[in-house]
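Structural features, examined
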Amino acid sequence: MKLLDGKTVLVTGGSTGIGRAAAIGAARHGADVAINYHSRDEDAESCVAEIESLGQRAFALKGDVALPETATDFVAKAVAAFGKVDVMVSNAGICPFHAFLDMPVEVFERTQKVNMHGAYFMCQAAARQMVAQGHGGAIVAVSSISALVGGEFQTHYTPTKAGVHSLMQSAAIALGKHNIRCNSVLPGTILTEINKDDLADPEKRRSMEGRVPLGRLGAPDDLAGPIVFLASDMAAYVTGAALLVDGGMYVNLQ
Ligand SMILES: NC(=O)C1=CN([C@@H]2O[C@H](COP(=O)(O)OP(=O)(O)OC[C@H]3O[C@@H](n4cnc5c(N)ncnc54)[C@H](O)[C@@H]3O)[C@@H](O)[C@H]2O)C=CC1
Ligand SMILES: C[C@H](O)[C@@H]1OC(=O)[C@H](O)[C@@H]1O
């Protein structure tokens, strides 16, 4: 069964990792897909080619989500290409691991701007379009298990993920009357470029794996199903919710 037949899905940070898996997962479920990306044109082009090979329409637009105009431009171009916006997957994010006591101001501010401001502007721009269309919609934000637990070298990052989680809760209230549902997924540790260097340390990787009851770290595709589900009408009565997708890592105290 295709869950997103005829829908138009926008994904930020869609050229790699979780965003790419969500974009291709949505296309597998019948959606036309627009991706935003920040760098590496070849990744974006290959994602578009993969979606088109599934028989769906796709385009990629380069832009920095930290800037409000990137969001308005992305939504406007998606409407020009596909005629409407049904789903926004706000996924783009960075996590430059760094110690707390000597955190450079620029690293702190950039992390807030990309992860938190970026999510805010993208979700707001998509919501404005959905309200104007008048037939509802769905927003799925990629938060993190880090919205709920800390990390020694993530003091600048974990508050942004708590912020994204909270944004979905408040947006769910603000947009419920327009039948726009707002939910977040909370991935655990998923093997992507964001943590390639961090997990290159075999001891760190083993310790992270050891915390997962399902016995492995996640793959980007592990997020595709939960994101497609929350975007789809199967989740018609789900809003303001947060879905952990972590192999059980969060509940594994001892
Ligand atoms: N990999 C993991 O263990 C986890 C990742 N997450 C979140 O998942 C999201 C996706 O990350 P991953 O797929 O893991 O890593 P990734 O590095 O493969 O993907 C990040 C994406 O965001 C894009 N991006 C970065 N800065 C941007 C900007 N300024 N403007 C537009 N796009 C930008 C990148 O180009 C890339 O496509 C992030 O929000 C991250 O915080 C959450 C929990 C765990
Ligand atoms: C980048 C990290 O490996 C990853 O990001 C998160 O949000 C998770 O908590 C992991 O720490």
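Here, the structure is the one placed above.
Attention in this report is confined to the structure presented alongside it. Each chain has its residues counted from 1, following the order in which its sequence is written. Naming scheme: in the order in which they are written, chains are lettered from A and ligands are numbered from 1. Residues qualify for local features only when their pLDDT is at least 70, as the model is predicted, and side-chain atom pairs are given and counted only at 80 or more; totals for whole chains, interfaces and linings, by contrast, use all residues. The side-chain figures draw on all heavy atoms in the structure; neither hydrogens nor water molecules are used.

Within the protein chain, the regular secondary structure consists of seven helices and seven strands. Each helix is a run of DSSP H or I of at least 4 residues and each strand a run of E of at least 2, with the numbering of both proceeding from the N terminus. Counting helices and strands in the order they occur from the N terminus, the protein chain gives β-α-β-α-β-α-β-α-β-α-β-α-α-β. The globule rule used for comparison is 2.2 Å times the number of residues to the exponent 0.38, while the radius of gyration itself is calculated over C-alpha atoms. For the protein chain, the C-alpha radius of gyration of 17 Å lies close to 18 Å, the compact-globule estimate for 254 residues. Counting only C-alpha atoms, the protein chain reaches 50 × 40 × 40 Å along its principal axes. A total of 254 residues make up the protein chain; the buried ones form 50% of that total. Excluding contacts between residues fewer than 6 apart, the proportion of contacts in the protein chain whose partners are at least 24 apart in sequence is 74%. Buried means the residue's accessible area, taken with a 1.4 Å probe over protein chains only, is under 20% of the maximum for its type, while exposed means over 50%, and partly exposed covers the values in between. Residue contacts are counted whenever heavy atoms from the two residues lie within 4.5 Å of one another.

This next bit is on the site of ligand 1. Whether a residue is near a molecule or strand depends on its heavy atoms: it is near if one of them lies within 4 Å of it. Around ligand 1 there are 29 residues in total, and Ile18, Asn91, Tyr157, Ile190 and Thr192 lie nearest to it. Polar contacts, as counted here, are pairs of nitrogen or oxygen atoms within 3.5 Å of one another; within protein the pair requires one atom able to donate a hydrogen and one able to accept it, and residues that are adjacent in sequence qualify only if both atoms are side-chain atoms. A distance of 3.4 Å is found between an oxygen atom of ligand 1 and a side-chain nitrogen or oxygen belonging to Ser15. The backbone of Asn91 places a nitrogen or oxygen atom 2.7 Å from an oxygen atom of ligand 1. Taken together, the elements giving at least two residues each to the shell around ligand 1 come down to α1 (17-28) and α4 (105-133). Note on residue classes: Ala, Val, Leu, Ile, Met, Phe, Trp, Tyr, Cys and Pro are nonpolar, Asp, Glu, Lys and Arg are charged, and everything else, Gly too, is polar. Taken together, the residues that form the shell around ligand 1 break down as 10 nonpolar, 15 polar and four charged.

Stacked, edge-to-face and tilted are the three classes for Phe, Tyr and Trp ring pairs, Trp counted by its six-membered ring, which pair at centre distances within 6.5 Å; planes under 30 degrees apart are stacked, over 60 edge-to-face, the rest tilted. If you walk through the whole model with that rule in mind, you get two aromatic pairs. Centre to centre, the rings of Phe59 and Phe82 are 5.6 Å apart; their planes meet at 45°, and the pair counts as tilted. With Phe59 in strand β3 (residues 58-62) and Phe82 in helix α3 (residues 68-82), this residue pair connects regions lying 23 residues apart in the sequence. A relative accessible area of 17% places Phe59 in the buried class. By relative accessible area, which is 11% here, Phe82 ends up buried.

Let us look at the site of ligand 2. Cys95, Phe97, Ser144, Ile145, Ser146, Gln154, Tyr157, Gly188, Thr189, Ile194 and Asn195 make up every residue found near ligand 2. A distance of 3.1 Å separates an oxygen atom of ligand 2 from a polar atom in the side chain of Gln154. Take Asn195: an N or O atom from its side chain is 3.2 Å from an oxygen atom of ligand 2. Exposure was quantified through the Shrake-Rupley algorithm and a 1.4 Å probe, taking into account, for residues, occlusion by the shown protein chains and nothing else. Protein burial of ligand 2: of its 290 Å² of free accessible surface, 90% is covered by the chains. Partitioned by chemical class, the residues of the shell around ligand 2 number five nonpolar, six polar and no charged.

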